[in-house]
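What follows is the residue order along each chain.
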Amino acid sequence: MPEKPARPNFNRCPMLWLGISFAAGILAASLVNIELTVSLAFCAFVAITAIAFRKQYFASYLILIAFVVAGAASIQIEKLSVVPDRLRVLYDAGTIKSGDPVEVEGVLMGSPEPSIDGVFLNLRSEKITYHGSERSVLGNVRLFLPQTYDNANKTNLKSQISDLKYGSRVKIACKLNREDEYLNPGVIPKRELLDRLGVDATGSIKSSMLVEHIADESVFIPLAWVYDQRSQLIYDLRKNLDPSSAGVMIAALLGDKNFLSKDTADLFREGGTFHILVISGLHITFIGGLLLLFLRQVTRNRWKHFIVTTGVLSAYALAVGAHVPVVRATIMFTIVLFSYAIYRRASLLNSLGACAFVLLVWRPSDIFDAAFQLTFVSVAAIIATAYPLVDSLRRIGSWTPSAQTPFPPNVPHGLRRFCEMIYWNRDAWAVESKRQVWTARLFKSPFLSGHIIGGGRTAVRYIFEVTLVSLIIQLWNLPLMVAYFHRVSVASVLMNLWVGSLIAIEGFAAVTGAVVSHVSNLLAMPFFAIAGIVNWLMLSVPRLFVDNGWASFRLPSYSGGGRVLYILYFLPVLILAYAVNRWRPFDLKQQSLFVRGGVMYPAVFALAVLLVLVVFHPFSAPRPDGRLHFDFLDVGQGDSALVTFPDGRTMLVDGGGRVNYKARDEDVEPFEPDTRGIGEAVVSEFLWNRGYSQIDYILATHADADHIQGLGDVAKNFTIGSAAFGRTPLANAEFAEVYSVLQARHIPAVTITRGDRLDFGEVIVEVLYPVATDDPNAVSDNNHCVVLRILTGSRAFLLTGDIEKEAETYLINGGDILNVDLIKVPHHGSRTSSTQPFIDATQAKYAVISVGRYSSFGHPHPEVVERWKNFGARVMTTGERGTISVSTDGRDLAITRFISDQ
């Protein structure tokens, strides 16, 4: 009897499994530390074994194991590849101190990048002079040169650096910074953010006189032309469009968000459409698709399609800054297009696996980057769920008899009618039936029969498919959006359709206008006018949703072991994706989508439960432990402290914020750049990391920006029980801004003054200051701060805001008992406070100073610190080691730092 032929060991998606295995190895290496030599040796051994037994069934498993080990080795190689003279290494090791003056020499990696109030210079550093010693270095530096004017000559910044361009060798005297700010749980360290951007250090140049243009290096001429055209387009858009339209267009077309106002950016964020303003896979795919569509009309040569399209996309990626996400998207498109060029009609999942493998070989650590994860989850959602589902619905709705599908779809009646409403084309069937030698009568009963026809059906079909794809992507990305951005946008499904369509029209009009303006400004005016009108129309709908609170809501995240919930979320998602791919609507034996293996109903139930746990987060907040907690946050130059009472109630005292260097009535540029405030980027991130979505009380000690401003962001991001103030001066711009947020969100506000007492179970909060007043516009400054004495058991604490010596004297003479265990030192350790009589009266054993590591005001003053130390208090500053956490049960006292003492 002849031997039965061996079953071929074949998989339609080999690259998918290899990519998954490689990624698994990278993740494993982050948990288990294995020597690189051991990893490489084991990988080689497994690979050789797989080759030796390649005809055996287990050879495939050996290959997967080899790729797992290779992934683990790759992350180790990446860490070891950072050379000792890398700029980031020198700063992190303390060889060069952050903030010290240096002279850096290097080559500009692009033309000077304009912004509202200056320009950015992106420099590939080659030499650095520090303390008179020059050494060779490697690394990328991003420097800001502010806009300056010569009062005599009125020359602006553009003329001062007009000779700088891509490839210019320069020597710049500046102060480079590479140091973490805002050391709090939940806040991403600044150095980590810089590493993600591929930037070693940042800095600011005081004057253009400190920029020495040495020479111009030889550069790739076509690329230099691309940079010049980019600069010209920015100039044309700013010149001919209103600031809002120009900012949107420059961001969406060129990836430059320097001209995007905070108000406009927040509209896109809250509407869930900010990704449209970030050059990413969406833009690369759109541009690449248009190029392919055009080239197919010119030639059928696929290699010409590949070469021209990838060339243009590569130039575009470089023109918009060659940031990692852009390069990543370009590589992904190139891989997919290469398979098209060599006539490989592989599955989309296989292409996705190849992209993952190539990108992780390039930068293994990107697997931990939020942008990388969001990109791949979005693409996986489209490939694994959206595309096969839409394809099945199309075939159901457009079914006609054929050799492959002679019988109608075996689906529920309502689903069939809905699909027919979207996809059935009666006129096309009439033409098709005349071409057949046989006849058939088809009975179709679409919903709204006769009401949706022609172009109306095309529009409905487009809206339905875009909405469905957007919804699927949002469901897949939900855990990542909550974990990284703490936002769920309920309007994004609709806003993506609205904004995406109009921004494409606006972009076409704006670019056309810019091109035509070089021929005739008169002919270009209608195009710019159309762009401005479309921009206003595009923003009006998101603004309506945002103003009424319909756009999005903010959520805390689970921390620690609770983050496993986000991983578990993907299990039922993958099961449902598998079911969608295995769904055969025309299979007469298959009754529904939910019968395969009997696991679909449990998967839907599990997904619903996990969805509830993620969105309503019932277990995210810490449980009451019967202790009184204080968390003094590192908000730089400012104050913010979270008080958690033994019963779980919370009170946020101050919220940090910007230092108000300029008065509100000064003649300043009204443009507010898109930067995250302290209340959003620091205080809210800390609270979300703790698992809070509700804060019972917020309290502003006074109306200075570095205390009150952040409370506005907190009031927007959290459910607030009530707000408390010592004074309510509506004439004060900072207070009025926060108060308007409270009114818009219907948060009650109360005034507390000397003599008030608040009870929180076993904890008593005494208000020692300020004195009550009948003046509704009474000033709310340092010497009218709210001062709280908090008592529990035998322990006492004093929160003093920014009071100065006058208020300290009043408290001493007022007969108050100021004796406490711990004090929040007044006014960040300024010499205007902490008088010796006040220190003697408090008898504090611990003194917490809320201040940044480097204060422009010189806080804390050495004399004040020495005064507290001489009394015997242990002095701790938030800027030194971050959040200072204090807890007590009324008897003991526990103190920890975010970065522990060494």
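About the thresholds
- Residues numbered from 1 in each chain as written.
- Predicted model: local features only at pLDDT ≥ 70, side-chain atom pairs only at ≥ 80, totals over all residues.
- Heavy atoms only, no water.
- Pairing = 2+ DSSP bridges.
- Helix = DSSP H or I, 4+ residues; strand = E, 2+ residues; numbered from the N terminus.
- Axes fitted to C-alpha atoms, helices over the stretch in contact; angles between N-to-C directions.
- Contact = heavy atoms within 4.5 Å.
- 1 Å grid on protein atoms, 1.4 Å probe; cavity = no way out; pocket = protein on both sides within 12 Å on 5 of 7 lines; lining within 4 Å.
- Points joined across faces, edges and corners; volume = space filled by probe spheres on them.
- Nonpolar A, V, L, I, M, F, W, Y, C, P; charged D, E, K, R; others polar.
- Parallel < 35°, antiparallel > 145°, perpendicular 65-115°, else oblique.
- Left-handed = near helix turned anticlockwise from the far one by under 90°.
- Expected span 1.5 Å × (residues − 1).
- Buried < 20%, exposed > 50% of the residue type's maximum accessible area, 1.4 Å probe, protein only.
- Arc of directions from axis to C-beta.

**Student:** I'd like a rundown of the sheet that holds strand 23 (residues 884–888), residues and numbers included.
**Tutor:** With mixed pairing, 8 strands are arranged side by side in an open sheet as 15-14-13-12-11-10-23-24. Edge positions in the open sheet fall to strand 15 (749–751) and strand 24 (894–897), since each of these has one partner strand only. Averaged over all pairs of adjacent strands, the angle between their axes in this sheet comes to 20°, without regard to strand direction. Bridge count for strand 23 against strand 24 is 4 bridges, and the pairing is antiparallel. Bridged to valine 886 within strand 24 is isoleucine 895. Along the sheet face, helix 23 (residues 705–717) touches strand 12 (650–653), strand 13 (694–700) and strand 14 (719–725) and points at about 160° away from the line of strand 13.

**Student:** How would you summarise empty space enclosed by the protein if you had to cite specific residues and measurements?
**Tutor:** A full pass over the atoms with the stated rule returns 2 cavities of 30 Å³ or more. Estimated volume of the largest cavity: approximately 100 Å³. Every residue lining the largest cavity is counted, 14 residues in all, and those nearest its centre are Phe632, Asp639, Ala641, Val653 and Lys824. Of the residues contributing to the lining of the largest cavity, the split by class is 5 nonpolar, 6 polar and 3 charged. Counted as a void, the second largest cavity has a volume near 30 Å³. If you go around the second largest cavity, the residues you meet are Glu103, Glu105, Lys127, Ile128, Thr129, Glu134 and Lys171.

**Student:** Quick one: what's the story with the packing of helix 23 against helix 24 (residues 733–744), residue by residue and with numbers?
**Tutor:** Contact geometry of helix 23 with helix 24 gives a least axis separation of 9 Å together with a crossing angle of 15°. Relative to helix 24, the element helix 23 is oriented roughly parallel. For the element pair helix 23 and helix 24, the recorded crossing hand is left-handed. Between helix 23, through Ala705, Ile708, Gln709, Leu711, Gly712, Ala715 and Lys716, and helix 24, the contact on the second element is made entirely by Glu734, Phe735, Val738, Val741 and Leu742. A class-by-class count of the residues in the contact of helix 23 with helix 24 yields 8 nonpolar, 2 polar and 2 charged.

**Student:** Kindly report on helix 23, identifying the contributing residues and their values.
**Tutor:** Between its first and last C-alpha atoms helix 23 spans 19 Å; for 13 residues at 1.5 Å apiece the expected length is 18 Å, and the two agree. Among the 13 residues of helix 23, 12 are classified as buried, and the element is accordingly described as predominantly covered. Looking at helix 23, one finds that the buried residues are Ala705, Asp706, His707, Ile708, Gln709, Gly710, Leu711, Gly712, Asp713, Val714, Ala715 and Asn717. At its buried positions, helix 23 is contacted by strand 9 (552–554), strand 12, helix 22 (678–689), strand 13, strand 14 and helix 24.

**Student:** Tell me what's going on with helix 24, and back it up with residues and numbers.
**Tutor:** In this model helix 24 runs 17 Å from its N-terminal to its C-terminal C-alpha over 12 residues, within 8% of the 16 Å that 1.5 Å per residue would give. Looking only at helix 24, the buried set comprises Glu734, Phe735, Val738, Val741 and Leu742. Considered in projection along helix 24, the buried side chains sweep an arc of 125° and stay on one side of the axis. Turned more than 90 degrees from where helix 24 packs its buried face, Gln743 and Ala744 sit exposed. Contact partners of the buried residues in helix 24: strand 13, helix 23, strand 14 and strand 15.

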